[in-house]
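What follows is each chain in one-letter form.
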Amino acid sequence: MSFEHSFDDGLSAYGWDAGLEQSFASYRSARLIPARVVGVDRGACDVITETGPLRARLSLPAVADPVESPCTGDWAALRPGPTPELVALLPRRGVIVRSSASRTSYGQALAANVDTAVVAVSLGGPLNPSRIERLLALAWESGAQPVIVLTKADQSADPGQAVTAITELAPGVEIIATSAATGQGMDALTAALTGTVVLLGPSGAGKSTLGNALLGTEVLETGDVRAQDGKGRHTTVRRSLVPLPGGGVLIDTPGLRGVGLLDADEGLQQVFADIEEFAEQCRFGDCEHDSEPGCAVQAAIASGDLSERRLDSYRKLQRENAWASSRSDARLRAQHDDRKKAITRSLRETYAFRDRQRRS
């Protein structure tokens, strides 16, 4: 199949480009076709191919880490036929990972190959700064560019005040107040989105309503929220992947009840870049920003340039991330030890067999 042919089909609307085509050359030689994963469940997956959507069976080597398994947004090689099989994944540009909801040492991949991560924050209720910081850490760690979208601006008496409040939480992140009901901010949001876009946020944040406004049609299922706390039920029960009218692809994710961090050191450094900059000015390199003399972080708090809440949040997320990473490291060490024990056991059995052979 020629390079030109790959751009005559519908895959280019889902993000297929020259770089992906080049990396797929060996698979085409093996008569495989490219596909993008829409969703995965029960040992099979829904994919988009050059000729349209398909349901494919997973025929991949077993992996120890679930994060390495296919997820929405992955590019893959598909063996066509009466029962299509997904046989390989292309290297990812990045993946959004949170710690598993089961609290195991493994992570959970939410979406792969994301360019823009929209963190949806509802103005229909009180702001939750800690949740915003967590979602931003996930986005930055994946390599995606985060954009904070304040939804339901028509329900807020002063959206501008909310923008000012959140600016402190998000150094270097664009913040856009929107209303899907009135159209406020939608043009600015459309201009800020590039490539593959994922919607992140809790149930009731208005992600699906926002997605429908971007798509220009009611594609994503929406639901009501409870008046007493602004929370919604999970109307999005699985991830979806839909082309945007102006180019790019939209991934809608189920509402996130818990947003645990895992190996998100770089993401935390980005989210708390202001604290990192203050810390560089501390007198001591190992300053814990508590009561040490010459602590620039505490000086910033005293001057009002930094809030105590933000420092507390930084410390809390650092501890959580370190704990999750230590569990992952412990699991890897245990797997390594198990492999060593298996090898040793196999060698002993081999030597014992040889010894019996010599004696017989």
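Parameters and conventions
Residues numbered from 1 in each chain as written. Predicted model: local features only at pLDDT ≥ 70, side-chain atom pairs only at ≥ 80, totals over all residues. Heavy atoms only, no water. Pairing = 2+ DSSP bridges. Helix = DSSP H or I, 4+ residues; strand = E, 2+ residues; numbered from the N terminus. Axes fitted to C-alpha atoms, helices over the stretch in contact; angles between N-to-C directions. Contact = heavy atoms within 4.5 Å. Core = buried A, V, L, I, M, F, W, Y, C linked by side-chain atoms within 4.5 Å. Buried < 20%, exposed > 50% of the residue type's maximum accessible area, 1.4 Å probe, protein only. Polar contact = N/O pair within 3.5 Å; in protein donor to acceptor, adjacent residues only side chain to side chain. Right-handed = clockwise from strand over helix to strand, strands pointing away.

Points about the sheet that holds strand β9 (residues 145–151)
Read from one edge of the open sheet, 6 strands run β10-β9-β8-β11-β13-β12, paired in mixed fashion. If you trace the sheet from one side to the other, it starts and ends with β10 (174–177) and β12 (240–243), each paired once. Averaged over all pairs of adjacent strands, the angle between their axes in this sheet comes to 25 degrees, without regard to strand direction. Where helix α4 (residues 129–142) meets the sheet, its contacts fall on β8 (116–122), β9 and β11 (196–200), and the angle it forms with β9 comes to roughly 150 degrees.

With respect to the nonpolar core
Residues Ile96, Leu136, Ile148, Leu150, Val198 and Leu200 are the most contacted members of the largest nonpolar core, which totals 63 residues. A total of 7 residues in this core trace back to one element, the largest contributor, which is α4. Excluding anything up to four places from it in sequence, Val198 contacts Ile96, Ala111, Val114, Thr116, Ala117, Val118, Ile251 and Thr253. Core analysis: the second largest hydrophobic core is formed by 17 residues, Val147, Ala192, Leu215 and Leu244 among them.

Considerations on the side chain of Asp274
Mapped onto the secondary structure, Asp274 falls in helix α9 (residues 273–279). Its relative accessible area of 18% is what places Asp274 among the buried residues. Side chain to side chain, Asp274 and Arg310 meet in a polar contact 2.9 Å long. Discounting chain neighbours no more than four positions away, the residues touching Asp274 are Glu168, Pro171, Leu306 and Arg310.

Regarding the pairing of β8
With 7 of 7 residues buried, β8 is to be regarded as a mostly interior element. Taking every second residue as pointing to the same face, both faces of β8 are buried, with Thr116, Val118, Ala120 and Ser122 on one and Ala117, Val119 and Val121 on the other. The pairing of β8 with β9 spans 7 bridges and is classified as parallel. From the neighbouring strand, Ala117 faces β9, where its bridge partner is Pro146. In terms of handedness, the path from β8 via α4 over to β9 forms a crossover that is right-handed. Bridge count between β8 and β11: 4 bridges; the pairing is parallel. Residue pairing for β11: Val118 is matched across the bridge by Leu199.

Things to note about the sheet that holds strand β3 (residues 52–58)
Pairing in this closed barrel of 5 strands is mixed, and the strands run β1-β2-β3-β5-β4 around the ring. When strand polarity is set aside, the average angle formed by the axes of neighbouring strands in this sheet is 55 degrees.

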